[in-house]
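Below, each chain spelled out in residue letters.
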Amino acid sequence: MRLPHRTVQTPVFMPVGTLGTVKAVPQDVLETLGAEIILGNTYHLYLRPGHEAVRRMGGLHKFISWPRAMLTDSGGFQVFSLSQLRKVSDEGVRFRSHLDGSSHFFTPEHSMDVQIALGADIAMAFDECTEYPADRNRAEESLRLTMAWARRSLDHFRAHRDEVVWRDNLGVPQVPRTWGPGNESPAQSLFGIVQGGTYNDLRRESAERLVEMDFDGYAIGGLSVGEPRELTMETIAEVLPLLPADKPRYLMGVGYPDEIEQYARMGVDMMDCVLPTRAARHGLLFTSEGRINIKGKRYAEDQSPPDPACNCMVCRRYSRAYLRHLMHSGEALSATLNTIHNLAYYLGIMERVRKSLQTGG
Ligand SMILES: [Zn+2]
């Protein structure tokens, strides 16, 4: 996937950097771990420090000193999950900030303006994430809104994408220009988001209409929101073949290690999830021997590495006993080391899948 700041190997896992930071992990360590693209959350960055401030500082890449690729979500998911007193209309969503209660109004056009100001390599269309369970009427109504907003997002984005701050100067010093012949004019991309709840016909309709609109890539949204896993699988299997194989296909907000492997093998190109980072801060480590809770008493004097099969900078150097001690003592290093290992584990899965796809395995 050729992006302005990076040519990204797919399938790829994208660590979530909510507020311009993948919590507890410095950017140079993310690079060492092999993270090629990270996420930023539009809702959070819009509220703090503010998208105009980020633009004035040269865009998100420059502000956070991340030379590789980035993707911003549309802000829709957080507006619906975090903010208070939402009022949804065809025009957009009025909501109150979860920080200070101030009132804000997000429309598809405004979400595009904010994302162009942030200047990630990939922006997302403004959508409504249909909750689970949602009855047929609710899912239809939600999809109607998402499709109208997709059209408006795309029109506004196409008219303004050239305003991105790194258009002439990538915004981060010494960024290697990784695009090549036939791709001389790197621009921000916009992805459409397939919704439709758990109704296969609505999902199909959503996918077909988005493909007609001709986005730069397509995401499957509204999954991993509490539905049973078989239903997640079924929906992915239904939607994937409808999305063009020559454009990125992004499954939003999943999942456990075995799930991301499975979905990557089904043909998903991109995934993101807070699980490896959030779980790490709670002491949950994903390892080749399954999940371990490092707080457990059994690790008090366990001098083996967190994951004996892992070659990450944490597993090469530290013991389970030490990680447990850091966690019990409330040391800041605890979150850092746990997160580094979990991200290495997730990124390692994708690397394995890429290798086995290359060799036809
Ligand atoms: Zn490790």
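For clarity, every value in this text was computed on a predicted model and none was experimentally measured.

Colleague: What is the right way to read the overall build of the chain from this model?
Modeller: When its secondary structure is counted, the chain shows 13 helices and 15 strands. Over its C-alpha atoms the chain spans a radius of gyration of 20 Å, differing by no more than 12% from the 21 Å that the globule rule assigns to 361 residues. Along the longest, intermediate and shortest principal axes, the C-alpha atoms of the chain span 60 × 50 × 45 Å. Every one of the 361 residues in the chain was classed for burial, and the buried ones make up 56%. Within the chain, contacts between residues at least 6 apart in sequence are counted, and of these 69% link residues at least 24 apart. With the model as given, the accessible surface of the chain reaches about 15,300 Å², and the carbon-plus-sulfur share is 48%.

Colleague: When you look at the side chain of Thr-107 in this model, what are you seeing that I'm missing?
Modeller: Tracing the backbone through its elements, the reader meets Thr-107 in the loop between strand E8 (103–106) and helix H6 (108–118). Among the polar contacts made by the side chain of Thr-107, one reaches the main-chain amide nitrogen of His-110 at a distance of 2.9 Å. Those residues in contact with Thr-107, other than ones at most four positions away along the chain, are Glu-91, Gly-92, Phe-126 and Arg-152.

Colleague: I'm lost on the sheet that holds E8 in this one. Help?
Modeller: The strands making up a sheet associate through backbone hydrogen bonding, with each pair oriented either parallel or antiparallel. Read from one edge to the other, the open sheet built from three strands follows the order E6-E7-E8, with strand pairing classed as antiparallel. Bordering the open sheet on either side are strand E6 (84–88) and E8, each of which pairs with just one other strand. Recorded for the sheet is a direction-independent mean angle of 15° between the axes of neighbouring strands.

Colleague: Explanation requested: the coordination of the zinc ion in the structure shown.
Modeller: The coordination sphere of the zinc ion contains the protein donors Cys-310 (SG), Cys-312 (SG), Cys-315 (SG) and His-341 (ND1), at a distance range of 2.1 to 2.3 Å. Each of the four donor atoms bound to the zinc ion contributes to angles spanning 97 to 121°, and the resulting shape is tetrahedral. Counting residues between consecutive donors of the zinc ion along the chain gives the motif C-x1-C-x2-C-x25-H. Placement of Cys-310 in the loop between strand E15 (290–293) and helix H12 (320–328) and of His-341 in helix H13 (residues 332–358) is noted, with a sequence separation of 31 residues between them. For His-341, a relative accessible area of 0% gives the class buried.

Colleague: I'm lost on the packing of aromatic side chains in this one. Help?
Modeller: Any aromatic ring pair is given by two values, namely how distant the centres are and how the planes are angled relative to each other. By the definition in use, this model includes ten aromatic pairs. With 6.1 Å between their ring centres and 45° between their planes, Phe-106 and Phe-126 make a pair best called tilted. Taken together, the positions of Phe-106 in strand E8 and Phe-126 in the loop between strand E9 (122–124) and helix H7 (136–160) put the pair 20 residues apart, joining distant regions of the chain. On the accessibility criterion, Phe-106 (0% relative accessible area) is buried. Given a relative accessible area of 1%, Phe-126 falls into the buried group. The interplanar angle of 25° and the centroid separation of 5.5 Å between the aromatic rings of Tyr-318 and Tyr-322 together place this pair among those described as stacked. Its relative accessible area of 32% is what places Tyr-322 among the partly exposed residues.

Colleague: I would appreciate a short explanation of the layout of surface pockets in the present structure.
Modeller: Empty space among the atoms becomes visible once a probe the size of a water molecule is rolled across them. In this structure, the largest pocket spans a volume of roughly 800 Å³. Lining the largest pocket are 36 residues, with Phe-77, Gln-78, Gly-253, Asp-272 and Val-274 sitting closest to its centre. Taken together, the residues that form the lining of the largest pocket break down as 16 nonpolar, 14 polar and six charged.

Colleague: Explain empty space enclosed by the protein to me, please; I cannot follow it from the model alone.
Modeller: In this structure the tally under the stated criterion is one cavity of 30 Å³ or more. Roughly 50 Å³ of volume is contained in the largest cavity.

Colleague: It is not clear to me how the packing of helix H9 (residues 229–239) against helix H10 (residues 257–266) should be interpreted in this structure. Could you clarify?
Modeller: Packed helix pairs are characterised by how far apart their axes lie and by the angle those axes make with each other. Relative to each other, H9 and H10 sit at 20°, their axes nearing to 11 Å. Accordingly, the angle class assigned to the pair H9 and H10 is roughly parallel. When you trace H9 past H10, the crossing you get is right-handed. From H9, Arg-229, Thr-232, Met-233, Ile-236 and Ala-237 reach across to H10, where they touch Asp-258, Glu-259, Gln-262, Tyr-263 and Met-266.

Colleague: What exactly am I supposed to notice about the side chain of Arg-249 here?
Modeller: Its place among the elements puts Arg-249 in strand E12 (residues 249–251). Here Leu-243 takes part through its backbone oxygen, which lies 3.4 Å from a polar atom of the side chain of Arg-249. A polar contact of 3.3 Å, which involves the side chain of Arg-249, links it to the backbone oxygen of Gly-267. The residues contacting Arg-249, other than those within four sequence positions of it, are Tyr-218, Leu-240, Leu-243, Pro-244, Gly-267, Val-268, Asp-269 and Met-270.

Colleague: I keep staring at unusual backbone geometry and nothing clicks. Help me out?
Modeller: Residues apart from glycine generally show negative phi values, whereas peptide bonds are mostly found in trans. Following Thr-10, the chain continues to Pro-11 via a peptide bond in cis, the omega torsion being 0°. Among the structural elements, Pro-11 can be located in the loop between strand E2 (6–7) and strand E3 (12–14). For the bond from Tyr-132 to Pro-133, the omega torsion is -5°, close enough to zero to count as cis. One can find Pro-133 in the loop between E9 and H7. A positive phi angle is found at Ala-24, which is not glycine, with a value near 80°. Relative to the helices and strands, Ala-24 resides in the loop between E3 and helix H1 (27–33). The backbone phi angle of Ser-224 is positive, close to 60°, even though this residue is not glycine. Relative to the helices and strands, Ser-224 resides in the loop between strand E11 (217–220) and H9.

Rules used throughout
Within each chain, residues carry numbers counting from 1 in the order of the written sequence. Totals for whole chains, interfaces and linings use every residue, but because this is a predicted model, local features are given only for residues with pLDDT of at least 70 and side-chain atom pairs only at 80 or more, for both listing and counting. Neither water nor hydrogens contribute to the side-chain values; these are computed over all heavy atoms in the structure. Counting from the N terminus, the helices are DSSP H or I runs at least four residues long and the strands are E runs at least two residues long. Computation of the radius of gyration draws on C-alpha atoms, with the globule rule given as 2.2 Å multiplied by the number of residues to the power 0.38. Accessibility here uses a 1.4 Å probe with only protein chains present; expressed as a share of the type maximum, an area under 20% marks a residue as buried, one over 50% as exposed, and anything in between as partly exposed. Should any heavy atoms of two residues lie within 4.5 Å, those residues are considered in contact. The Shrake-Rupley method, run with a 1.4 Å probe, gives the accessible areas here. Residue values count only the displayed protein chains as cover. Polar contacts, as used here, are pairs of N or O atoms within 3.5 Å; protein pairs need one atom able to donate a hydrogen and one able to accept it. Residues neighboring in sequence count only if both atoms are side-chain atoms. When DSSP locates at least two bridges between a pair of strands, those strands are taken to pair. Between N-to-C directions, angles cover 0 to 180 degrees, with each direction set by a line fitted to C-alpha atoms, over the stretch in contact for helices. Only nitrogen, oxygen and sulfur atoms within 2.8 Å of the metal, or 3.2 Å for Na, K and Ca, are treated as donors, and water is left out, so sites may look incomplete. Key to geometry: four donors with every angle between 85 and 135 degrees are tetrahedral; four donors are square planar and six octahedral where opposite donors lie over 155 degrees apart and all remaining angles lie between 65 and 115; all other sites are irregular. Pairing of aromatic side chains requires ring centres within 6.5 Å, counting the rings of Phe and Tyr and the six-membered ring of Trp. Pairs whose planes differ by under 30 degrees are stacked, by over 60 edge-to-face, and all others tilted. Only protein atoms enter the 1 Å grid, on which a cavity is a set of points fitting a 1.4 Å probe that cannot get out and a pocket is an open set with protein on both sides within 12 Å along at least 5 of 7 lines, lining residues being those with an atom within 4 Å of a point. Grid points are joined across faces, edges and corners, and a volume is the space filled by probe spheres set on the points. Only Asp, Glu, Lys and Arg are considered charged, only Ala, Val, Leu, Ile, Met, Phe, Trp, Tyr, Cys and Pro nonpolar, and every remaining residue, Gly among them, polar. Angles are sorted into four bins: roughly parallel if under 35 degrees, roughly antiparallel if over 145, roughly perpendicular if 65 to 115, and oblique for all others. Crossings are sorted by hand: turned counterclockwise from the far helix by less than a right angle, the near helix makes the crossing left-handed, and turned clockwise it makes it right-handed.

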